[in-house]
Amino acid sequence: MVTVEGDADRKLVGHLLPTGIDRPTTGRLRAFVAETLPDYMVPNLVRFHDVFPATPNGKLDRDALISTEEPPAEPEAVAVVDDVVAEIAGIFAELLETPEVKPDDDLWDLGATSFTMVRASAAIQQRHGRRIPVSVLLAQPTVAGIAADLGVAPAVPKSIEPDRESAEPPVGVDFFSATERAAFKAARHDLRVAGADESIVHLGAVPADVAERAARASRREFPRQPVELSELAALLAGAAEHVDSQGPPRRYPSAGDTYAVRIYLRVRSGGVTGLDGGLYYYHPLDHALHRVSRRDVIDPGLHFGYNRPLAGQAAFELYLFGRANAITPLYGDDAQRFLALEAGYLGQVLMQAQTDTAIGLCPIGSVNIEAIRTECGLDAGDPFLQAFVAGGIDRAGDEAPTGAAVCGVAGRFPDADNPRRLWRNLSSGVRSLRPVSDARRAQVGGDHPGGFLSDVDTFDPLLFHISPMEAARLDPQVRLLLTVVWECLEDAAHTAAELNGDGRVGVFLGTMWQDHRLVAAQSDAGEEIAAMSSTGSQAANRISHFFGFTGPSIAVDTSCASSLTALHLAVESIRDGECDAAVVAAANLFLHPHHLRELVDSGLLAERLPEGAFDPDVVGWVPGEGWRPSCCVASTPP
Ligand SMILES: Cc1cc2nc3c(=O)[nH]c(=O)nc-3n(C[C@H](O)[C@H](O)[C@H](O)COP(=O)(O)O)c2cc1C
């Protein structure tokens, strides 16, 4: 398996030698691999070869393997039925780098990621004034489904002017754009804004309730399989009906005691110890499971793309259906709403039972449910209300972990030499996005606006015991990292010697771009000795070396998540006792024109500067530099 290079939407490619006459589809292969491998190891794309290319000494020739990949589709090569279908198929074929996307191919199965959807949605909006709605990708995640939706749905108008009270919510939000979603949520359309003449009564401090909230929170990782039957029984006991007349019949209310919400379970074979796989109905009076069908497959394909990895690791799924004829004769048109309310109460009881049973649940709002409804023997009028994906959780993992404290922070950002200045800039609305300064233009390349530091070369080499000659060749990222780590220790009011005296100090560095290597390659060309070097590990190790830190010294690259990953690893390392304190640092500089060019050519950057944060009309991001929180983290007693 290799990752496709030169594409910001990196994809995992599976290379196969087919042995039979029938080549399995990408979808089937992905589903097969997903049964045993975690989601991140399931290839997005599959390439077939007649023979694997070999190097002269018989090893796999990876370069040749990649270069023999099928070329991206030419739009006119796509087999299509009408213009819109052809157009959308062409968009996806190009994004998925596949020669052909058939109208009914499942796009998630073909390897689409959320990034693919963002780009496709943007392309479709540009041409048709309409985005891809989420509902389409659940019901029919295909080119035909998207085209059908475009055919019937009117274009979404632009958002309306804000009214007196609060900003009017936009008519549509692009679900696939994390920025748009975040901006929409941040606008807090759920909250009513008080009128100027309304009196407000404050109700005092709210209890923290941390344990209560954590107890019912959605779980999306199920490290412990299988689940014990006794645990499942305890979970379902929350929905059982009692006939002891010592209290209300159930733990949740129902309109007129109709209790018309039914629970069905799909149990994967081996998912619950002592229970055969299959589809079950839970009988609340008998507290018993009735096996309705032997079908034991939890089909991720029935789920929305984002939920498929979750369904893939579930031990069982729960489905709540309303039994219409057990309530409609009494309540008529209100019955549907009452059923939804009852399902909400029941769902809360189930989620509240998570910590007692060590079963984790994730509520799922939409599932492609028709086949399951039929299998349950329910009617079309019996509404599907809620599903839950479930699996075993680790109770020990819920215990409060050992604490860690951030005790010093330093950083360099555009227009801000330290985090306090950055905070002041943010609070007072300073904009630091502008075309690159003359001094940096050669390094950054072009005039693309962004958040660039004005100066990245200044350095006090002798302070760090580095000769001026070496310093001139040293990666500016390393120069600034050393300086900023020094400032971080000052901010933490610790000296390196003092920290070292208390135990081992780790260094965890998040770094993705190593532009200085490109500078080095150019500058060293033709020289006898390659004098420059720049690797992430070197940066981390230089920090450790200079400050005398003897804990782990690690550079980590997880793209945009690198600095948070470094922080996470530092805290874990402290908890595991590998070190007693840690410096976490991250750097991102534009030091060679290739960096910016790569981003521009991948279509990732916004074509113009946004009006402000979360500007919904600007697609793409704005380049920015900085030494993000260089933190000093020290362990605290549990
Ligand atoms: C109606 C409804 C539908 C939901 N659908 C999904 C879903 O499809 N996938 C998912 O991961 N979580 C889903 N959730 C869970 C919410 O995303 C989750 O409750 C929310 O993010 C708050 O997180 P918490 O439950 O951990 O507090 C759903 C929750 C509700 C109430």
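Up top is the structure these notes are about.
In this text, all values refer to a predicted model and were calculated from it rather than measured experimentally.

Reading the values: rules and limits
- Counting of residues starts from 1 at the beginning of each chain's written sequence and follows it residue by residue.
- Where totals are concerned, whole chains, interfaces and linings use all residues; where local detail is concerned, this predicted model gives features only for residues with pLDDT of at least 70, and gives and counts side-chain atom pairs only at 80 or more.
- Heavy atoms throughout the structure, all of them, feed into the side-chain values; hydrogens and water do not.
- We define a salt bridge as a contact between a side-chain nitrogen of Lys or Arg and a carboxyl oxygen of Asp or Glu at a distance within 4 Å.
- Put simply, DSSP marks the helices as runs of H or I at least four residues long and the strands as runs of E at least two long, and each gets a number from the N terminus on.
- For every residue, the accessible area obtained with a 1.4 Å probe (protein chains only) is divided by the maximum for its type, and the residue is called buried under 20%, exposed over 50%, and partly exposed between those limits.
- For this purpose, a residue is taken to be near a molecule or strand whenever a single non-hydrogen atom of the residue falls within 4 Å of it.
- Polar contacts, as counted here, are pairs of nitrogen or oxygen atoms within 3.5 Å of one another; within protein the pair requires one atom able to donate a hydrogen and one able to accept it, and residues that are adjacent in sequence qualify only if both atoms are side-chain atoms.
- Working definition of accessibility: Shrake-Rupley area with a 1.4 Å probe, residue cover restricted to the visible protein chains.
- Charged residues are taken to be Asp, Glu, Lys and Arg, nonpolar residues to be Ala, Val, Leu, Ile, Met, Phe, Trp, Tyr, Cys and Pro, and polar residues to be all remaining types, Gly included.
- Take the buried residues of types Ala, Val, Leu, Ile, Met, Phe, Trp, Tyr and Cys, join any two whose side-chain atoms come within 4.5 Å, and each joined set is a nonpolar core.
- Working rule for contacts: check all heavy atoms of both residues, and any pair within 4.5 Å makes them a contact.
- Working definition: the arc comes from the directions between the helix axis and the C-beta atoms, pointing outward to the latter.
- An axis is simply a line fitted to the C-alpha atoms; with a helix, the fit covers only the stretch in contact. Between two such axes, the angle follows the N-to-C directions and lies from 0 to 180 degrees.
- Orientation categories follow fixed angle ranges, with anything under 35 degrees roughly parallel, anything over 145 roughly antiparallel, 65 to 115 roughly perpendicular, and all other angles oblique.
- Crossings are assigned a handedness: left-handed for a near helix turned anticlockwise from the far helix by less than a right angle, right-handed for a clockwise turn.

Draft legend 1. Seen up close, the pattern of salt bridges. Scanning all chains against the criterion turns up 24 salt bridges. Among the salt bridges present, the one from D109 reaches R308, with a minimum N-O distance of 3.3 Å. A residue pair is termed long-range when its members are at least 10 positions apart, and D109 in the loop between α3 (83–96) and α4 (114–128) and R308 in helix α10 (residues 308–312) qualify at 199 residues. By relative accessible area, which is 10% here, R308 ends up buried. Here E611 ties to R608 by a salt bridge, and the two come within 4.0 Å at their closest N and O atoms.

Draft legend 2. Spotlight on the site of the ligand. What surrounds the ligand is the set R216, A217, S218, R220, N307, C362, P363, I364 and G365. At a separation of 2.8 Å, an oxygen atom of the ligand approaches a polar side-chain atom of R220. With respect to the ligand, the backbone of G365 contributes an N or O atom lying 3.0 Å from a nitrogen atom. Look at the ligand: alone it shows 620 Å² of surface, and the protein chains cover 50% of it. Of the residues contributing to the shell around the ligand, the split by class is four nonpolar, three polar and two charged.

Draft legend 3. Focus on the nonpolar core. Membership of the largest hydrophobic core comes to 36 residues, with the highest contact counts inside it found for L235, I263, L265, F316, L318 and L361. Elements represented by at least two residues in this core include exactly α9 (229–237), β5 (261–267), β7 (278–283), β9 (316–322), α12 (335–352), β10 (359–364) and β11 (384–392). Sorting elements by how many residues they give to this core places α12 first, with eight residues. I263 has contacts with L236, A239, Y280, Y281, Y282, L318, Y319, L320 and L346, leaving out every residue within four places of it along the chain. Counting residues in hydrophobic clusters, the runner-up holds 27 residues, among them A93, V101, A112 and V143.

Draft legend 4. A look at helix α1 (residues 26–36). All buried positions along α1 are accounted for by T26, G27, L29, R30 and V33. Each buried residue of α1 sits inside an arc of 160° when the element is viewed along its axis, so together they form one side. Seen from the buried face of α1, the exposed residues on the opposite side, beyond 90 degrees, are R28, F32, E35 and T36. Residues of α1 that are buried sit in contact with β2 (12–16) and β3 (45–48).

Draft legend 5. Fine view of the packing of helix α18 (residues 476–492) against helix α21 (residues 536–547). One can describe the packing of α18 onto α21 by two numbers: an axis separation of 10 Å at closest approach and a directional angle of 45°. In terms of axis orientation, α18 runs oblique to α21. Considering the relative orientation of α18 and α21, their crossing is right-handed. Every residue of α21 that contacts α18 at V478, L481, L482, V485, W486 and L489 is listed here: A539, R542, I543, F546 and F547. When its residues are assigned to classes, the contact of α18 with α21 shows 10 nonpolar, no polar and one charged.

Keep in mind these numbers describe shape, not what the thing actually does.
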